[in-house]
Protein chains: 2
Amino acid sequence: MTWLDIAADDPFGVHNLPYGAFDPGDGSSRLGVRIGDRVLDLAALERTGLVEADGTLQAATLNPFMALGRTCWSAVRERLTELLTDTAFRAPVERLLLPLAEVTPRLPFDVGDYVDFYSSEDHATNLGKLFRPGSPPLLPNWKHLPIGYHGRAGTVVVSGTDVVRPCGQRKPPQAEVPTFGPSQRLDIEAEVGFVVGAASSLGTPLTTKDFQDHVFGVVLVNDWSARDLQAWEYQPLGPFLGKSFATSVSAWVVPLDALAAARVPAPAQSPPVLPYLADDRTGYDIHIEVVWNGTVVSRPPFASLYWTPAQQLAHLTVNGASVRPGDLYASGTVSGPERGQVGSFIELTWGGAEPVTLADGRTRTFLEDGDTVTLTATAPGPAGTVVGFGEVVGRILPPST
Amino acid sequence: MTWLDIAADDPFGVHNLPYGAFDPGDGSSRLGVRIGDRVLDLAALERTGLVEADGTLQAATLNPFMALGRTCWSAVRERLTELLTDTAFRAPVERLLLPLAEVTPRLPFDVGDYVDFYSSEDHATNLGKLFRPGSPPLLPNWKHLPIGYHGRAGTVVVSGTDVVRPCGQRKPPQAEVPTFGPSQRLDIEAEVGFVVGAASSLGTPLTTKDFQDHVFGVVLVNDWSARDLQAWEYQPLGPFLGKSFATSVSAWVVPLDALAAARVPAPAQSPPVLPYLADDRTGYDIHIEVVWNGTVVSRPPFASLYWTPAQQLAHLTVNGASVRPGDLYASGTVSGPERGQVGSFIELTWGGAEPVTLADGRTRTFLEDGDTVTLTATAPGPAGTVVGFGEVVGRILPPST
């Protein structure tokens, strides 16, 4: 039990302790740990000598700390737990707590490479039907490897950042030539992102067993998508401008250690996978909620994903590609089998053909200017607790033109 | 005329002055400028006060200097020219010159995002025929926008780095299921890369006119490609592991200012492009040579590219995506209309069906272990000079298994 005055069922209790970066009000970026509705100033804490992490907690982002590796991550987490539960430490620690409402979240890590997978069978099937009507929705390679591609790392932004509606080319099927203008099919993708901490070497693949040693933690991801831009540009080299204008991540990185009680068996795979993709089928029971202008429109179940994050890591390095601290790989849109479980609006409204009605009585197909989307999530924690994820919120601004 | 003892026709004369980073032998990374077969130590030069760049020349990579913008780039280039031509500066500058042979090149910039375009009409046509036989080789979007995708920034390596043959999944058309193993169709892609210096703001597109203010310089790029991995994985989200194991760049970044005399009209475009892609049709007359185990097998002409680098920059930011110092965007494989002008071996040997014979009498289709590929290039410089590019060399090592 923590000595802080927070409820036993607080999803940001001492069983969670997610890391982030924040601006205390002076324009700087400082590392912190969230506990309840407060932030523990890690930079100041390290300077007191109460925690020791080779000075990495003085950095503006988590990258140097994440580079230290799992032994160090676990030691720091254990020490933080001790400091927040043993009343002997209350006096020196309590004065380093800041109200969450008084700080501004910053991007918690410098993003190295950003990879986006496509690992939900229901999502891939739905998108196949919508983008390639009349063809088999799942391509022949889909069950043999976790399909993925590189996204733009430089436009990953922290929750709360407004999203300017992108302009670009689109060509409706009946048109002769493409036209230019603001996207008319602006969408979201609700995803779970895995943040790499420990680096690997170029030329040396990681295995599925290396997942725990290399992945530091988990964020929520909203991979904003302009479907009209994407549909016109994506052959033959994949999505580009339809995705690269913004990808939002939650401000708090939930340590993998906080998700031990959330492990559940991932779906069985058939046909069998190649040996380098064999794993222990560890999924994570993360329940996402998609909130559109205040209305919960969907509850995507992360546990339904066909490919696990351990398989994704093994696949993305099997060719010898190295990973670096700050690399982010996202699950791909999380969709369950039911309409109320999909992770994108193109699925929710079936390509815009079936509008949804929000709580204010207005209907929507794709995003309108001024709309706000919030993703939240929880997972089971130890002893009946709940692990909360920081929200990912973003509001759509009109195009700048 | 420089006071250095170098030939008037040296492609690395004072009209060129490419920037790079080098290890002087102590394991550090230091900035330098190449002149003939020597390197001028920029860090030491700045400390003498003979050149002034806000201390950015003390960094391990070019990123801080590149972030200063064109006014500063031009001022430093002018000053370097003065120091290397006015004999009054000979004594203090000469002692800061190191023999090129005694230093080790380092990656000259931290790569932000790496984008690879696909802007050669001959290459796209050839690949379309090889990858999608029986379909129109050029897809309907190709002449409306410069097709591109994001590659892996963390595996961009400097010339001289060995390339371990990647393993992965491939499925020959006649096979029922994919198999796993070392790539059997390991290839190159000869490209020209543009290095972004000055950043732009998220949500604000750049125009084709902004090219000169945001692009710092040019490198040669070898985008190593495993064609068998690529063919099996690339639908529907584009190339991933077939490309992400290594991308080699030349060690010396040729400033855009050094290429003023190399400007040539780019091919006319039909159908007309959308207004945001309109440009002054400035191409660059860069002549590439592809050398396979010592034999020149191809001479790709960069001037033939359909989409210019100014169009590529405008396109990649038109959706509001920002650029950062160190972003690298490559032209895509440079291929001319003739067999002796192609930038990849899959084109040179027509999918492996037509082997080439090298000077040693051996034949090749794709790369074998131990093979070395070197890309070199020149462009016209001012007053009849020639601008040299640093080579991109890489040797294939057997898979690590």
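Residues numbered from 1 in each chain as written. Chains lettered and ligands numbered in written order. Predicted model: local features only at pLDDT ≥ 70, side-chain atom pairs only at ≥ 80, totals over all residues. Heavy atoms only, no water.

Where an unreviewed UniProt entry is consulted, chain A appears under the name fumarylacetoacetase, with the organism given as Planosporangium thailandense. For chain A, the Pathway (unreviewed entry) comment in UniProt is given as "Amino-acid degradation; L-phenylalanine degradation; acetoacetate and fumarate from L-phenylalanine: step 6/6." (UniProt positions renumbered as here; feature names shortened; annotations may be inferred.)

*Asks:* Help me out: how do you make sense of the interface of chain A and chain B in this one?
*Replies:* Buried accessible area, meaning the area lost when the parts come together, often serves as the stated size of an interface. At the interface, 56 residues of chain A touch 56 residues of chain B. When the area that chain A buries against chain B is broken down by residue, the three leading residues are A:R152, A:L237 and A:F240, summing to 15%. Summed over the shared surface of chain A and chain B, the result is 2 salt bridges. A salt bridge links B:R152 to A:D327; the shortest N-O distance between them is 3.0 Å. The tally of links from chain A across to chain B stands at 22 residue pairs in polar contact (both at pLDDT 80 or more). For the side of chain A that touches chain B, the elements supplying multiple residues, two or more each, are β6 (114-117), β7 (148-151), β10 (167-170), β11 (179-182), α7 (227-233) and α8 (309-317) of chain A. A total of 4 residues in the side of chain A that touches chain B trace back to one element, the largest contributor, which is β7(A). Residue composition of the side of chain A that touches chain B, grouped by class: 33 nonpolar, 17 polar and 6 charged. (Contact = heavy atoms within 4.5 Å. Buried area = accessible area lost by both parts, 1.4 Å probe. Salt bridge = Lys/Arg side-chain N within 4 Å of Asp/Glu carboxyl O. Polar contact = N/O pair within 3.5 Å; in protein donor to acceptor, adjacent residues only side chain to side chain. Helix = DSSP H or I, 4+ residues; strand = E, 2+ residues; numbered from the N terminus. Nonpolar A, V, L, I, M, F, W, Y, C, P; charged D, E, K, R; others polar.)

*Asks:* Whenever I open this one, the pairing of strand β13 (residues 190-196) of chain A confuses me. Can you help?
*Replies:* On any regular strand, side chains alternate: one points to one face of the sheet, the next to the other face. Residues and elements named next belong to chain A. Counting buried positions along β13 yields 7 of 7 residues, so the element is predominantly enclosed. Burial along β13 is two-sided: A190, V192, F194 and V196 facing one way and E191, G193 and V195 facing the other are all buried. Bridge count between β13 and strand β14 (residues 215-222): 7 bridges; the pairing is antiparallel. Residue pairing across strands places A190 opposite N222, the latter belonging to β14. (Buried < 20%, exposed > 50% of the residue type's maximum accessible area, 1.4 Å probe, protein only. Pairing = 2+ DSSP bridges.)

*Asks:* Even after reading the chapter, I still don't get the nonpolar core, so can you show me in this structure?
*Replies:* One broad rule of soluble globular proteins: the nonpolar side chains tend to lie buried together. Core analysis: the biggest nonpolar cluster contains 73 residues, and A:I286 and A:Y329 have the highest contact counts within it. In this structure A:I286 touches A:V192, A:V218, A:P300, A:P301, A:F302, A:A303, A:A377, A:T378, A:A379 and A:F389, once residues within four positions along its chain are discounted. Core analysis: the next-biggest nonpolar cluster, separate from the first, contains 71 residues, B:L127, B:V192, B:I288 and B:F302 among them. (Core = buried A, V, L, I, M, F, W, Y, C linked by side-chain atoms within 4.5 Å.)

*Asks:* So what exactly am I meant to see when it comes to the pattern of salt bridges here?
*Replies:* Proximity of charged atoms lets side chains of opposite charge pair with each other. This model, assessed by the stated rule, comprises 40 salt bridges over all chains. One salt bridge connects B:R324 with B:D113, and the closest N-O pair in it is separated by 3.1 Å. In this pair, B:R324 sits in the loop between α8 (309-317) and β22 (328-330) while B:D113 sits in the loop between β5 (104-106) and β6 (114-117), placing the two residues 211 residues apart along the sequence. Each member of the salt-bridge network shares a partner with another, and the members are A:D187, A:E189, A:D223, A:R227 and A:K243.

*Asks:* I keep staring at the domain arrangement of chain A and nothing clicks. Help me out?
*Replies:* Residues and elements named next belong to chain A. In terms of domain boundaries, chain A breaks down into domain 1 (19-104) and domain 2 (114-397). The C-alpha-based centres of domain 1 and domain 2 are spaced at 29 Å. In this assembly, 18 residues from domain 1 lie in contact with 18 residues from domain 2. Contact with domain 2 buries surface across domain 1, with Y19, M66 and R70 losing the most and accounting together for 44% of the total. Between the two partners, domain 1 and domain 2, sit 1 salt bridge. A salt bridge links R70 to D257, with the shortest nitrogen-to-oxygen separation between them at 3.1 Å. (Domains from an automatic or database assignment.)

*Asks:* Would you mind going over the UniProt feature "domain: Fumarylacetoacetase N-terminal" (unreviewed entry) in chain A with me for this structure?
*Replies:* The sites that carry the UniProt feature "domain: Fumarylacetoacetase N-terminal" (unreviewed entry) are, in the present numbering, residues 15-108 of chain A. Segment residues 15-108 of chain A splits into 34% helix and 22% strand. End C-alpha atoms: 20 Å apart.

*Asks:* Whenever I open this one, the relation of the copies chain A and chain B confuses me. Can you help?
*Replies:* Copy one and copy two of the chain differ by a rotation about an axis and a translation along that axis. With an RMSD of 0.0 Å, the operation that places chain A on chain B is a rotation of 180° combined with a shift of 0.0 Å along the axis. Overall, the copies show the geometry of a two-fold rotation axis. Minimal C-alpha distance to the rotation axis in chain A is attained by A:G238, lying at 2.0 Å. Looking at the interface residues of chain A, 100% of them are also at the interface in chain B, so both copies use one shared face. (Least-squares fit on C-alpha atoms with pLDDT ≥ 70 in both.)

*Asks:* Please explain the sheet that holds β5(B) as it appears in this structure.
*Replies:* Within a sheet, neighbouring strands are paired by backbone hydrogen bonds and run either parallel or antiparallel to one another. Residues and elements named next belong to chain B. Read from one edge to the other, the open sheet built from 5 strands follows the order β4-β3-β2-β1-β5, with strand pairing classed as antiparallel. Single-partner strands in this sheet number two, and they are β4 (97-99) and β5. Put simply, the sheet's adjacent strands are angled 50° from each other on average, direction ignored. Of the strand pairs in this sheet, strand β1 (residues 19-23) and strand β2 (residues 30-35) are connected by 4 bridges, and their pairing is antiparallel. The partner of G20 across the bridge, within β2, is G32. (Axes fitted to C-alpha atoms, helices over the stretch in contact; angles between N-to-C directions.)

*Asks:* Explanation requested: α8(B) in the structure shown.
*Replies:* Residue and element names in this part refer to chain B. α8 sits mainly inside the fold: 9 of its 9 residues count as buried. Those residues of α8 not exposed but buried are P309, A310, Q311, Q312, L313, A314, H315, L316 and T317. On the buried face of α8, the contacting elements are β6, β13 (190-196), α6 (211-214), β14 (215-222), β19 (282-284) and β22.

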